[in-house]
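# Structural characterization, general
One letter stands for each residue in the lines below.
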Amino acid sequence: MRNLILLGASLLLVAAPAAAQSPIEGLWANPKKSVVVQIASCGSSWCGKVVKASAKQQAKAARNGVDQLEGEQMLTGLKPAGPGRWKGQVYVPKVRSKVGSTVTMQSRDRMSVTGCVAGVICKTQVWTRVN
């Protein structure tokens, strides 16, 4: 009987559909298209790593003490905070620190990324999906 239960459980695991892709997963560009971030699952949350940065954006980051912008974790610890909304942290090269962040889907191919310093000084950018 025990073997039958284990077999049944194994079959359910094999037959279970793959987890649905999150709407934030994929490649996203900032408004000037000078930075492309890849958002993917990282454990129990979502993270976004810079996969492409223009020479101008890289030079700007270097002036703020960031040696290599490409490869930098831009978004970390994003967790669901309601329908089409995630909260976590965003790395701001200009201040060389992570600040609280909210990511909100505006449509399938547009999302707003807001970062707030001390919860009161906030900046929002609308990122677009890169195909």
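Refer to the structure above for everything that follows.
Computed from a prediction, not measured in an experiment: that's the story for all the values here. Sequence order as written defines the numbering, with residues in each chain counted from 1. It should be noted that, the model being predicted, local features are given only for residues of pLDDT at least 70 and side-chain atom pairs only at 80 or more, the latter also being counted only at that level, while totals for whole chains, interfaces and linings use all residues. As a rule here, side-chain values come from all non-hydrogen atoms in the structure, and water together with hydrogens is ignored.

### Focus: the state of the cysteines
Here, the word disulfide means a covalent bond between the sulfur atoms of two cysteines. The criterion, for reference: A pair of sulfur atoms, both from cysteines and within 2.5 Å, is called a disulfide here. Residue exposure (1.4 Å probe, protein chains only): buried if accessible area is under 20% of the type maximum, exposed if over 50%, otherwise partly exposed.
Following the criterion strictly, the structure yields 2 disulfides and no others. Note on cysteine connectivity: C42 is disulfide-linked to C47, with sulfurs 1.9 Å apart. Its S-S torsion of about 65 degrees marks the bond between C42 and C47 as right-handed, since a negative value means left-handed. Classification of C42 as partly exposed rests on a relative accessible area of 30%. On the accessibility criterion, C47 (10% relative accessible area) is buried. Once the bonded cysteines of the protein chain are numbered in order along the sequence, the disulfide links fall as 1-2, 3-4.

### Re a nonpolar patch on the surface
Inclusion rule: Residues enter patches when their relative accessible area tops 30% and they take part in no salt bridge; the joining distance is 9 Å for like charges and 5 Å for the nonpolar side chains Val, Leu, Ile, Met, Phe, Trp and Tyr. All accessible-area figures derive from a Shrake-Rupley calculation using a 1.4 Å probe, and residue coverage is judged against the displayed protein chains alone. Salt bridges are defined as contacts in which a side-chain nitrogen from Lys or Arg sits within 4 Å of a carboxyl oxygen from Asp or Glu. Only DSSP runs of H or I covering at least 4 residues are called helices, and only runs of E covering at least 2 are called strands; the numbering of each starts at the N terminus.
Among the surface-exposed residues, V117, V120 and I121 lie close enough to one another that they form a single nonpolar patch of about 300 Å² accessible area. With respect to the element layout, V117 can be found in strand β7 (residues 110-117).

### Digging into unusual backbone geometry
Of note in this structure, K33 is not a glycine but carries a positive phi near 60 degrees. Topologically, K33 is positioned in the loop between β1 (26-29) and β2 (35-42).

### Regarding the environment of S41
Which entries qualify depends on this criterion: Within 3.5 Å is the distance limit for a polar contact, defined as a pair of N or O atoms, with the added protein rule that one can donate a hydrogen and the other accept it, and that residues adjacent in sequence qualify only through two side-chain atoms.
Positionally, S41 belongs in strand β2. A C-alpha to C-alpha distance of 9.2 Å links S41 and L78, two positions 37 residues apart in sequence. Among the polar contacts made by the side chain of S41, one reaches the main-chain carbonyl oxygen of G43 at a distance of 3.5 Å.

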